[in-house]
Amino acid sequence: MTSTTLRMRPRRVAVFSLHTSPLEQPGTGDAGGMNVYVVRTAAQLAELGTEVEIFTRATSSEVPPVTELFPGVTVRNLVAGPFEGLDKNDLPAQLCTFASAVLRVEAHHDPGYYDVVHSHYWLSGQVGWLARERWGVPLVHTAHTLAKVKNAALAADDDPEPNVRVVGEQQVVSDADRLVANTGAEAGQLVDLYGADPAEVSTIPPGVDLNRFTPGDQETARDALGLPREALVLAFVGRIQPLKGPEVLLRSAAELLRRYPELRSRLLVLVVGGPSGNGTERPEALHRLAEELGITEVVRFLPPQSGDALVEVYRAADVVTVPSYNESFGLVALEAQACGTPVVAAAVGGLPVAVADGVSGLLVSGHDAAGWADALGTLTLRPERRRRLAAATTAHATSFSWKHTTEALLDTYTQAKMAFNARFREVSA
Ligand code: UDP
């Protein structure tokens, strides 16, 4: 890195995470991989000497206006609309009030206090766009999911993303100085579907906390969770919503039992996570589906778990499944592999990057129970195949880390700042 590039490294980044707070427990409601991403990259940025202020919307009168998450990472809980009762689709009407709360905070600082704005998800991008204009700093944007991509791959009972998002997302993509995509496929979608300039898209894979998610003894993990040591455990971890396809696991487990009735005394399906968005009815619907399929005795549900508790879940599972209809990356797949557990995932979005097909897990095309039962049958009935994949999981997972992600983000911020300043000089010359 040249001395100019080093000098241009941001000292302080304003991170916008409007619709979900980094203080929330992921795995339910609107909190998921994006929250983990924001928290982990903020922690790493602070370690690398860049301060982070995260702006989010307060959803309780209990939270103080400012919270220190880690040394060098502050969360500003801005009052913007009622604390409770708003869902994600109500938030476009709160953008103005959130934006004015952000601008009020900045008004207390000297000009140039923040070097870069990094917005997460299109709602934050809209406010980031305004902040960029007011503060004269570059806007870096991560979409996390794209409405056009999501709408093209909906589960049968899912609702399409509204037009307000499609239009709003397009505006942010067009106006941001840099876009961060999780994978090359997402970078291609930004270019092909949203007309992004390829030169302004950085592909930066997310990471996994390799200190927390480590392999461990399966029996100890099963004892801790009260699961039988001899069971064949297939796990689903994530928000319970149509997009994540948890019913694919239930249907394919029923198909497995139809093909191999002798598995009934050993098979155990573990579903971990809470309801989310238009999946609010989901846990009940999944219970009903298990009943209809005649497999209630093999399915167990666990509420959302902390990251530390999830380590035991991943270690206890023989296979972790990610049957999503769309997934911009799929942190759960990486976490499971970091714990030494192979993953069977849908061949969609970022999952072909998160899972090395045939090496650390299997990718399945489509979502029909027969195809999924084939893949799960291969791994449940052939323990030596499962063990071979398990042996390759940690090597695959360790090629991803939040440190790598954050170093690449810092480079992107620096490039964005240099390009922004050069353009500014051109305009004022
Ligand atoms: N998660 C969690 N507790 C749960 C379920 C999930 O902490 O009970 C976390 C999980 O560890 C992962 C994130 O939520 O880091 C989900 O991220 P992923 O990319 O798999 O899905 P997303 O939520 O972004 O759709």
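Residues numbered from 1 in each chain as written. Predicted model: local features only at pLDDT ≥ 70, side-chain atom pairs only at ≥ 80, totals over all residues.

The name that an unreviewed UniProt entry assigns to the protein chain is D-inositol-3-phosphate glycosyltransferase, with the source organism given as Halosaccharopolyspora lacisalsi. What the UniProt record of the protein chain gives under Catalytic activity (unreviewed entry) is the line "1D-myo-inositol 3-phosphate + UDP-N-acetyl-alpha-D-glucosamine = 1D-myo-inositol 2-acetamido-2-deoxy-alpha-D-glucopyranoside 3-phosphate + UDP + H(+)". Its UniProt record gives the protein chain the following Sequence similarities (unreviewed entry) comment, quoted word for word: "Belongs to the glycosyltransferase group 1 family. MshA subfamily." (UniProt positions renumbered as here; feature names shortened; annotations may be inferred.)

For the protein chain, the helix and strand inventory stands at 16 helices and 14 strands. Over its C-alpha atoms the protein chain spans a radius of gyration of 22 Å, differing by no more than 12% from the 22 Å that the globule rule assigns to 429 residues. Projecting the C-alpha coordinates of the protein chain onto the three principal axes gives extents of approximately 75 × 45 × 40 Å. Out of the 429 residues belonging to the protein chain, those deemed buried represent 51%. For the protein chain, long-range pairs separated by at least 24 residues make up 67% of all intrachain contacts whose partners lie at least 6 apart in sequence. (Helix = DSSP H or I, 4+ residues; strand = E, 2+ residues; numbered from the N terminus. Rg over C-alpha atoms; globule rule 2.2 N^0.38 Å. Buried ≥ 20, exposed ≤ 12 C-beta atoms within 10 Å, placed from the backbone. Contact = placed C-beta atoms within 7 Å.)

On to the sheet that holds strand β11 (residues 299–302), then. The strands making up a sheet associate through backbone hydrogen bonding, with each pair oriented either parallel or antiparallel. If you walk across this open sheet you meet the six strands as β11-β10-β9-β12-β13-β14, and the pairing is parallel. Both edges of this open sheet fall to β11 and β14 (361–364), since each of them pairs with a single strand only. The average undirected angle you get between the axes of adjacent strands in this sheet is 20 degrees. Where strand β10 (residues 267–272) lies against β11, four bridges are found, and the strand directions are parallel. Within β11, the residue paired with Val-271 across the bridge is Phe-301. (Pairing = 2+ DSSP bridges. Axes fitted to C-alpha atoms, helices over the stretch in contact; angles between N-to-C directions.)

Formed by 122 residues in total, the largest nonpolar core has its most connected members in Ala-235, Val-269, Ala-317, Val-320 and Ala-333. Taken domain by domain, the makeup of this core includes at least three residues from each of domain 1 (3–207 + 401–428) and domain 2 (218–397). Contact partners of Ala-333, with chain neighbours within four places excluded, come to Val-322, Val-343, Ala-345, Leu-351, Ala-354 and Val-355. (Core = buried A, V, L, I, M, F, W, Y, C linked by C-beta atoms within 7 Å. Domains from an automatic or database assignment.)

On to the packing of helix α12 (residues 331–338) against helix α15 (residues 383–397), then. Between α12 and α15, whose axes approach to 7 Å, the crossing angle comes to 120 degrees. One element, α12, and the other, α15, form an angle in the oblique class. Here α12 runs over α15; the crossing is left-handed. Contacts between α12 and α15 involve Leu-334, Gln-337 and Ala-338 from the first element and Thr-393, Thr-394, His-396 and Ala-397 from the second. By residue class, the composition of the contact of α12 with α15 is three nonpolar, four polar and no charged. (Parallel < 35°, antiparallel > 145°, perpendicular 65-115°, else oblique. Left-handed = near helix turned anticlockwise from the far one by under 90°. Nonpolar A, V, L, I, M, F, W, Y, C, P; charged D, E, K, R; others polar.)

One can find Ala-345 in strand β13 (residues 343–346). A tally of 27 C-beta atoms within 10 Å means that Ala-345 is categorised as buried. Sequence spacing of Ala-345 and Ser-324 is 21 residues, and the spatial spacing of their C-alpha atoms is 7.6 Å. Those residues in contact with Ala-345 that sit more than four places away from it in its chain are Val-322, Gly-330, Ala-333, Leu-351, Val-355, Gly-361 and Leu-363.

This part takes up the site of the ligand. Around the ligand lies a shell of 20 residues, among which Pro-26, Gly-27, Gly-32, Gly-33 and Leu-331 are the nearest. When residues of the shell around the ligand are traced back to their parent elements, those giving at least two are α2 (33–47), α11 (307–316) and α12. Two domains share the shell around the ligand, each providing at least three of its residues, namely domain 1 (3–207 + 401–428) and domain 2 (218–397). (Near = placed C-beta within 6 Å.)

With that settled, consider the sheet that holds strand β1 (residues 12–16). Strand order in the open sheet formed by eight strands is β3-β4-β2-β1-β5-β6-β7-β8, and the pairing between neighbours is mixed. Strand pairing shows two members of the sheet lacking a second neighbour, β3 (66–70) and β8 (201–203), which therefore form its edges. Averaged over neighbouring strand pairs, the angle between their axes works out to 25 degrees when direction is ignored. Bridge count for β1 against strand β2 (residues 51–57) is five bridges, and the pairing is parallel. By the bridge assignment for β2, Ala-14 is matched with Glu-53. Along the sheet face, helix α4 (residues 121–135) touches β1, β5 (116–120) and β6 (139–142) and points at about 160 degrees away from the line of β5.

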